[in-house]
Amino acid sequence: MATIEHWIGGQYRSGSSNRRGPVYNPATGEQQHEVVLGSIADVDDAVAAAKTAFEEWSQASLSRRTKVMFAFRELVNARTKELAEIISDEHGKVISDAAGEVQRGLEVVEFACGIPQLLKGDYSDQASTGVDVFSFREPLGVCAGITPFNFPAMVPMWMHPVAIACGNTFVLKPSERDPSASNYVAGLWREAGLPDGVFNVVHGDKEAVDALLAHPDVAAVSFVGSTPIARYIHDMASKTGKRVQALGGAKNHAIVLPDADLDFAAGHLTAAAFGSAGERCMAISAAVAVGSAGDALMDLVSRKASDVVVGPGRDPRSEMGPVVTAAAKQRIESLIGTGEQQGAKVLVDGRGLRVPGHENGFWVGPTVIDQVQPAMDVYTEEIFGPVLSVVRADDVDSAINLINSNPYGNGTAIFTSSGEAARTFQRGVHVGMIGINVPIPVPMAYYSFGGWKDSLFGDRHIHGPEGVSFYTRAKVVTSRWPHVTSPADASLHFPTAS
Ligand code: NAD
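Analysis parameters
Residues numbered from 1 in each chain as written. Predicted model: local features only at pLDDT ≥ 70, side-chain atom pairs only at ≥ 80, totals over all residues. Heavy atoms only, no water. Helix = DSSP H or I, 4+ residues; strand = E, 2+ residues; numbered from the N terminus. Rg over C-alpha atoms; globule rule 2.2 N^0.38 Å. Buried < 20%, exposed > 50% of the residue type's maximum accessible area, 1.4 Å probe, protein only. Phe/Tyr/Trp six-rings, centres within 6.5 Å; stacked < 30°, edge-to-face > 60°. Pairing = 2+ DSSP bridges. Axes fitted to C-alpha atoms, helices over the stretch in contact; angles between N-to-C directions. Contact = heavy atoms within 4.5 Å. Core = buried A, V, L, I, M, F, W, Y, C linked by side-chain atoms within 4.5 Å.

Undergrad: Which residues make up the overall build of the protein, and what are the values?
TA: A tally of regular secondary structure across the protein gives 16 helices and 23 strands. Scaling as 2.2 N^0.38, a compact globule of 498 residues should have a C-alpha radius of gyration of about 23 Å, and the protein matches this with 25 Å. Its C-alpha atoms give the protein principal-axis dimensions of roughly 85 × 60 × 40 Å. Across the 498 residues of the protein, 56% fall into the buried class.

Undergrad: Pulling in residues and values, what's your account of the packing of aromatic side chains?
TA: Considering all chains together, one arrives at 12 aromatic pairs under this definition. Centre to centre, the rings of Trp 189 and Phe 199 are 6.4 Å apart; their planes meet at 45 degrees, and the pair counts as tilted. With a gap of 10 residues between them, Trp 189 in helix α7 (residues 180-191) and Phe 199 in strand β10 (residues 199-201) connect regions that are remote in the sequence. Just as Trp 189 is buried, Phe 199 falls in that class too. Put simply, the rings of Phe 72, Phe 170, Trp 189 and Phe 199 pair up and form one aromatic cluster.

Undergrad: Pulling in residues and values, what's your account of the sheet that holds strand β1 (residues 2-4)?
TA: Strand pairing in a sheet is mediated by backbone hydrogen bonds. Such pairs are either parallel or antiparallel. One open sheet accounts for 3 strands, arranged β1-β5-β4; its pairing is mixed. The open sheet has two edge strands, β1 and β4 (20-25), and neither has a second partner. The sheet shows a mean angle of 40 degrees between the axes of neighbouring strands, taken without regard to direction. The pairing of β1 with strand β5 (residues 30-36) spans 3 bridges and is parallel. If you follow Ile 4 over to β5, its bridge partner there is Val 35. Contacting β1, β4 and β5, helix α3 (residues 80-91) crosses the sheet at an angle of about 100 degrees to β4.

Undergrad: Quick one: what's the story with the nonpolar core, residue by residue and with numbers?
TA: Ile 255, Leu 269 and Leu 297 are the most contacted members of the largest nonpolar core, which has 65 residues in total. Looking at this core, the element that brings in the most residues is helix α10 (residues 262-274), giving 7 residues. Setting aside residues up to four positions removed in sequence, Ile 255 forms contacts with Val 288, Val 290, Ala 399, Ile 400, Ile 403, Ala 413, Ile 414, Phe 415 and Phe 425. Among the nonpolar cores identified, the runner-up in size contains 62 residues, and Ala 153, Ala 186, Leu 188 and Ala 445 belong to it.

By themselves, these are just geometric observations and shouldn't be taken as functional.
Have a look at this one:
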């Protein structure tokens, strides 16, 4: 069984810890690798390598950095298939979905290729007589990324291409459930000409995370994961004086109004709820059926959910793969059971699904639960599996109130043919990313990604312009080049323009 090692200073390292974690193939239920779980000493090594590399990389010209970014872009593009297979084997998602994840990550790399334009400062000529003022942005130093299992390539790519293009060095602590994609990406960075030590990977769990949070040489932390851990990361990193952005969990609602094209809405709801087995932070996990839309919508969604082909990610016929671990399967199935006990109606039940030839895989089929009330566990919990909970609402205002009462505010969508209703919705919801007849409104890379409320702690969204701002700090220079024969005009008064 292969051991997945750290990538530090351009080399694989087994590290100083004897602790190892299992990496499963969720479609077979078998352990396929083990991953080293980093210690404080391993984190020290990675941060030291990144700190040393920063001395040179932070001084690399924009031209040189851009060349590396373009080379990296070409490599990620060319190796999408290999990367997608690695993702699928450890996460479980189907290959086409894994390739889609790589594509969305690639878009961030493409955004970062424009770094010379993005880092242009301001210049005010003759702000005062003989005095010019200009600003520019400098990298922070060693930046850390701590990422979740559900997008093992894309979510780290929300971070490291932007951080590195800005002149920082990076230590990635990926999820211990599907760690191989990060090592593969490290190899691509090296092939692209990135100097050793600029991009490092430390595998591990809480011990490695805590070491990064406490390390005095880590300047900034980007986190994506569940809300309780996001809150913890934000608190700890803030206490140690680091810049921090911590993106948390979600409960994304889609409102369906009676004037919507219900077949279109049902198709998109089904895809958004069950794609990647619902293990997407932007998955639609709660549908709000308004007024007379309810019964017809439930018929259509139930039919489409029952038609989803569930199977191994490597099988091109599969539309949805397994969930990530046996524990996730158990938790999801238990929550469906609780929903039933609390009075909701399970219209399509994915519990106990068997996939022939893969009996030990971590399968949960698409599940549709109707008549859900806001106090039920299936509504209050982020299930993070292929479960669509449906709440009925009388009108668009009560649907918006429901969304605004929810502690999360990541993404939301409305299906309607009314521009007026859509505009009321887009202005009224307390949510960061909004779709109008678009169920998963993940912003393009040249916008920034981020939720509100318990879905993001910190004041900057990730990637896009806010990413550049997060990974740099501003300098403003006020300069004067007095002629050698100018009379000295220094005064003790507070300086004002003249
Ligand atoms: P998780 O919070 O369990 O793990 C995320 C990272 O934190 C991993 O690297 C993990 O090793 C580390 N970690 C876990 N427990 C820790 C602890 N006690 N102390 C320190 N570090 C710890 O999340 P997950 O299960 O890997 O991913 C799913 C979650 O991520 C869902 O809640 C999902 O909504 C969220 N997510 C959010 C976004 C977003 O953009 N808002 C995107 C993707 C995933």
